[in-house]
Amino acid sequence: MTVAFPPHPQMGVLGLPAYRAIISNMNVRRVLMAGVTALCSMSLCAEPLKLLAIGNSFTGSLNADLPRIAKDCGCELDYCLLIVGGCSLMHHMELAELAADDRDYAPWMALFNFKDGTTYTCKDGHRIPLCDALSPVMRAQRDGSAKPRWDGNIHKALAGEKWDVVVVQQSSQMSWKASSYEPWLTQMIALIRAKAPQAKIMLQQTWSYNELAPRLKSWGMTSEQMYDRLTDAYVGAAKRHGLEIIPTGKAFQLYREKKPVTSPIDDVVGSPASDGKLPREGEKFDAVHSSTLGSYLQSCVWVAKLFGNDLAKARLPKPLEKRGCSLGLIRACATDAVAWSREAVR
């Protein structure tokens, strides 16, 4: 390809070769400066995305892998997870009503991860996050010692930061009942918009249980039937309110389809027995919460959805590497689920 250089007054003095060298060096500098500018706009100079998620243990499972996956993928993220065990949308709003009258009422456990100290203020020698929206409470441990746990008030937490995204969900036991979402989802959205009007509100689509879950038997349904019904409920709620979905449940279902579960202990849901075998009769088996693999996949879905990231730089934790888990499969399930979520709410 022939490059035509523009005329320049120095060209006649220096000659064509020297002039070309000057132009070449100028172009290199421009490329380098453009690269620096791009890096700044992507991460180095970017403000972290500020995320608040309100849920239960199906939200709390993010805390294991979300910070590291976001960092590996070059995504700046500050987050706080407000959790009440087993809490439904209805119960969150009941608690929110109590918390409105008593700002010291803080039944939500808070898990958080912030990039720098600018979000913190100092009080009695402690670093207090979210502009004092959370408070440390001493909790007794099994060994008799006391350990601080952070608790929060939903009203103070919503107003305590300029959140970019606020995510809510329905409890798993109610997720497949479409009628259980209202009027509490409408009330929750109104609360968020009143306290954090700048925030984008999203729904986390939760997942269906492991086939060993006793609840499935009592409900008279399979894991797949639970998935179909909760998906219809979440998509309906998202369309009704104009919200986007974080498709954790879809990613779990895709994983089950792409890598058929031959044993319940290989599922993305459920705690495997310590010896890698099925639980013996009478032995406790958690068939409701995500497994180690499931929690990792969940965090991948959130990073892919929140940042539009392809997860190319994500790394498997050592325990999953040792189990022979496929990072390529996990990435595919997460990114395919995110693509599905865009179409589902149209």
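Residues numbered from 1 in each chain as written. Predicted model: local features only at pLDDT ≥ 70, side-chain atom pairs only at ≥ 80, totals over all residues. Heavy atoms only, no water.

### Quick word on the pattern of salt bridges
Should the charged atoms of two oppositely charged side chains come close, the side chains can pair. Scanning all chains against the criterion turns up 12 salt bridges. Among the ionic pairs, R68 bridges to D72, the shortest N-O distance being 3.5 Å. One end of the pair, R68, and the other, D72, are both in helix α4 (residues 66-72), four residues apart, so they sit about a helical turn from each other. Between K200 and E244 there is a salt bridge whose closest N-O contact spans 2.6 Å. Highlighted residues: K200 in strand β9 (residues 200-204) and E244 in strand β10 (residues 244-246), separated in sequence by 44 residues. What you see here is one network of salt bridges that share partners, running through D65, R68, D72 and R315. (Salt bridge = Lys/Arg side-chain N within 4 Å of Asp/Glu carboxyl O. Helix = DSSP H or I, 4+ residues; strand = E, 2+ residues; numbered from the N terminus.)

### A closer look at the state of the cysteines
Summed over the entire model, instances satisfying the criterion amount to zero disulfides. No disulfide involves C75; its sulfur sits 5.6 Å from that of C73, the nearest cysteine. With relative accessibility at 9%, the residue C75 sits in the buried group. (Disulfide = S-S within 2.5 Å. Buried < 20%, exposed > 50% of the residue type's maximum accessible area, 1.4 Å probe, protein only.)

### Some words on unusual backbone geometry
A cis amide bond, omega 10°, links E182 with the succeeding residue P183. By secondary structure assignment, the location of P183 is in the loop between β8 (165-168) and α7 (184-195). In this model, L311 sits at a positive phi of 65°, which is unusual for a non-glycine residue. Structurally, L311 can be placed in the loop between α11 (292-307) and α12 (318-322).

### Here's the deal with the packing of helix α10 (residues 248-258) against helix α13 (residues 327-344)
At a closest axis distance of 8 Å, the pairing of α10 and α13 adopts a crossing angle of 130°. As summarised for this structure, α10 and α13 are arranged oblique, according to the angle between their axes. Every pair of crossing elements has a handedness; the one defined by α10 and α13 is right-handed. Two secondary-structure elements touch here, α10 through K250, A251, L254, Y255 and K258 and α13 through L329, I330, C333, A334, D336, A337 and W340. Partitioned by chemical class, the residues of the contact of α10 with α13 number nine nonpolar, no polar and three charged. (Axes fitted to C-alpha atoms, helices over the stretch in contact; angles between N-to-C directions. Parallel < 35°, antiparallel > 145°, perpendicular 65-115°, else oblique. Left-handed = near helix turned anticlockwise from the far one by under 90°. Contact = heavy atoms within 4.5 Å. Nonpolar A, V, L, I, M, F, W, Y, C, P; charged D, E, K, R; others polar.)

### Section: the pairing of strand β2 (residues 77-83)
Taken across its seven residues, β2 has seven buried, putting it largely inside the fold. Side-chain alternation along β2 places L77, Y79, L81 and I83 on one buried face and D78, C80 and L82 on a second face that is also buried. When strand β1 (residues 49-55) meets β2, the two strands line up parallel, connected through seven bridges. For A53, the partnering residue across the bridge sits in β2 and is L81. Across five bridges, β2 lies against strand β3 (residues 108-113) in antiparallel orientation. Within β3, the residue paired with L82 across the bridge is A110. (Pairing = 2+ DSSP bridges.)

### So, the nonpolar core
Formed by 94 residues in total, the largest nonpolar core has its most connected members in L51, I154, Y296, L297, W302 and L311. Broken down by element, the residue count for this core peaks at nine residues, all from α11. Excluding residues that lie within four positions of it along the chain, Y296 makes contacts with D65, R68, I69, A314, R315, L316, P317, L320, L327 and I330. (Core = buried A, V, L, I, M, F, W, Y, C linked by side-chain atoms within 4.5 Å.)

### With respect to the layout of surface pockets
In this structure, the second largest pocket encloses a volume near 170 Å³. For the second largest pocket, the full set of lining residues is Y255, K259, P260, V261, T262, D266, L293, R323, G324 and C325. (1 Å grid on protein atoms, 1.4 Å probe; cavity = no way out; pocket = protein on both sides within 12 Å on 5 of 7 lines; lining within 4 Å. Points joined across faces, edges and corners; volume = space filled by probe spheres on them.)

### Side note on helix α9 (residues 223-241)
Helix length check: α9, at 19 residues, gives a terminal C-alpha distance of 27 Å against a target of 27 Å (1.5 Å per residue), a fit within 8%. When we look at burial in α9, the residues that qualify are S223, M226, Y227, L230, T231, A233, Y234, V235, A237, A238 and H241. Tucked inside the fold, the buried residues of α9 contact α7, β9, α8 (214-219), β10, α10 and α13. (Expected span 1.5 Å × (residues − 1).)

Treat this as a map of the structure, not an account of what it does.
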